[in-house]
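# Descriptive structure summary
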Amino acid sequence: MIGAGHAGLAISRVLSEHSIDHIVLERGEVANSWRCERWDSLRLLTPNWQSRLPGYSYNGADPDGFMTMPEVVELISRFAAASSAPVRTHTTVTALSCIDGGYRVATDSGEIRCRSVMLASGGANIARVPAVRQAVPQRIECVTAFDYRNPDRLPPGGVLIVGASATGVQLADEIQRSGRPVTLSVGEHVRLPRTYRGRDVLWWMESSGVWSQRYDEIDDLERARRLPSPQLVGAPEHATLDVNVLRAAGVEIVGRLAAIRDGRALFSGGLRNQFALADLKMERLLATFDDWACNNALNVEVGPAERFPPTAVPASPRLSLDLRSGEIRSIIWATGFCPDYRWLDLPVINHKGELRHDGGVVVGAPGVYAIGLPVLRRRKSTFMLGAEDDARDLVGHLARYLAGGVRPA
Ligand SMILES: Cc1cc2nc3c(=O)[nH]c(=O)nc-3n(C[C@H](O)[C@H](O)[C@H](O)COP(=O)(O)OP(=O)(O)OC[C@H]3O[C@@H](n4cnc5c(N)ncnc54)[C@H](O)[C@@H]3O)c2cc1C
């Protein structure tokens, strides 16, 4: 097993239940990503009661609250200890290659041979930054969501945030509140209210079965796997954080960053379409929830159906911004993340640089599995509450593989 985040530890727990001998290699400490790669104010956007792992569920005093990063680290560390997970920390895997009858795992402290490997090294190891980054004038500080910690670490002055998914909207809100003027460049996004009909929107996602939809039932799986994270924040006030809220707070909204030419950032004029599409998708999702509530006789238990005002389009959004004028002093690239598989010495990466897998069963490397990637086996796969179902499916497959009952994918 490579990686001791919640996904690797969930697999480890299920492997132990099956008495399958294994070891978990971790380059840092347990829950390393939550310790080292998140900003200071981040809280989970999933409510505490959704922090479930195999054999563990939240039993604290605030089931509807949202965990801070130290709380997440504590939760995952306690889970590792309770599962007696065989974690070898400070061991970085530097290469994974095929040998007769199995695999050779090279690490910075020696080599391991094994029949099977689980890649639980995370789906968000590297910030995905568009190529236009190269054209940013030198005096502007560029920061990714991995580097950002808090507004005080940014140079004084205006901030351009590129990307309006969970990370972008959260950082726009925090930085605008700190007194720095924020411009938010909005491309494709997923809009969600924090609360719908009196319940948390993620209660609806889970209860209605939307989150449990399997990967092999999804029409356009590739698209589902690329969908940006929803505009949600885990704030104690349970407030919605969308473009309307940010605009009201003074954030300037501009279109998708299309290019940087001669020091000028050029934004797409397609905001109206982006907003219409996000509003439409949100309406459809809410209608799915309404149908489910109706079919399950929940209409009395939950509040009445709600509809939200459409996203307001700014009268004349700026189409360009001179990055040499001094108005913008830093740019935050909130443009998504991707896994880092540069150490994989196996023919399992496609032409887009993505791992080839069928629901986590890696194609082209029998006995190699992956967990924790977007919509791996279900829509909820990257979330903490999604790890158990995926882990049980994959360990079931692995057990059959080790028993010699599975043909290579
Ligand atoms: C900003 C952000 C906010 C999120 N918010 C939520 C949320 O509110 N709720 C929720 O349920 N999910 C959330 N997620 C999604 C998800 O829970 C996290 O991405 C989670 O960290 C994924 O767990 P994981 O175990 O798959 O990967 P990780 O936690 O990233 O664990 C992978 C581990 O592998 C180790 N590793 C990587 N490469 C190597 C190597 N070569 N050798 C050895 N070890 C290696 C890493 O150090 C790391 O510890 C969020 C994700 C991000 C990025």
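Refer to the structure printed above.
My aim in this report is to walk through the structure given alongside it, one point at a time. None of these values were measured; they are calculated from a predicted model.

## Quick look at the packing of helix α1 (residues 6-17) against helix α3 (residues 69-82)
- The contact between α1 and α3 brings their axes to 10 Å, and the two run at 20°. Taken together, the axis directions place α1 and α3 in an arrangement best described as roughly parallel. α1 and α3 meet at a crossing whose hand is left-handed. For the pair α1 and α3, contact is made by His-6, Leu-9, Ala-10 and Arg-13 and by Ile-76, Phe-79, Ala-80 and Ala-82, respectively.

## Some thoughts on the sheet that holds strand β10 (residues 182-185)
- What the 5 strands build is an open sheet, ordered β8-β19-β9-β10-β15; its pairing is parallel. Taken across any chain shown, the strands that pair with only one partner, and hence form the sheet edges, are β8 (141-144) and β15 (252-254). Strand after strand, the sheet turns through a mean of 20° between neighbouring axes, direction not considered.
- Pairing of β8 with strand β19 (residues 328-333) involves 4 bridges; the strand directions are parallel. The residue of β19 that forms the bridge with Cys-142 is Ile-331.

## What about the side chain of Asp-390?
- Mapped onto the secondary structure, Asp-390 falls in helix α9 (residues 387-402).
- With residues near it in sequence (within four places) discarded, Asp-390 still touches Ile-371, Leu-376, Arg-377, Arg-378 and Ser-381.

## Looking at helix α8 (residues 271-295)
- Between its terminal C-alpha atoms α8 stretches 36 Å, which fits the 36 Å expected from 25 residues at 1.5 Å a residue.
- Taken residue by residue, α8 has Leu-271, Gln-274, Phe-275, Ala-278, Asp-279, Met-282, Leu-285, Leu-286, Phe-289, Asp-290, Trp-292 and Ala-293 as its buried positions.
- Summarising the contacts, the buried residues of α8 are in contact with β11 (190-191), β12 (195-196), α5 (201-207), α7 (243-248) and β15.
- Immediately beyond the C-terminal end of α8, within one or two residues, lies Ala-297, with a positive phi of roughly 55°.

## Looking at the packing of α1 against α9
- The N-to-C vectors of α1 and α9 enclose an angle of 50°; their axes lie 9 Å apart at closest approach. As the angle between them shows, α1 and α9 are arranged oblique. Seen from above, α1 lies across α9 with right-handed handedness. For the pair formed by α1 and α9, the contact residues are His-6, Ala-7, Ala-10, Ile-11, Val-14, Leu-15 and Glu-17 on the first element and Ala-387, Ala-391, Arg-392, Leu-394, Val-395 and Leu-398 on the second.
- Here the contact of α1 with α9 is built from residues that sort into 10 nonpolar, 1 polar and 2 charged.

Scoring rules and cut-offs
Residues numbered from 1 in each chain as written. Predicted model: local features only at pLDDT ≥ 70, side-chain atom pairs only at ≥ 80, totals over all residues. Heavy atoms only, no water. Axes fitted to C-alpha atoms, helices over the stretch in contact; angles between N-to-C directions. Helix = DSSP H or I, 4+ residues; strand = E, 2+ residues; numbered from the N terminus. Parallel < 35°, antiparallel > 145°, perpendicular 65-115°, else oblique. Left-handed = near helix turned anticlockwise from the far one by under 90°. Contact = heavy atoms within 4.5 Å. Pairing = 2+ DSSP bridges. Expected span 1.5 Å × (residues − 1). Buried < 20%, exposed > 50% of the residue type's maximum accessible area, 1.4 Å probe, protein only. Nonpolar A, V, L, I, M, F, W, Y, C, P; charged D, E, K, R; others polar.

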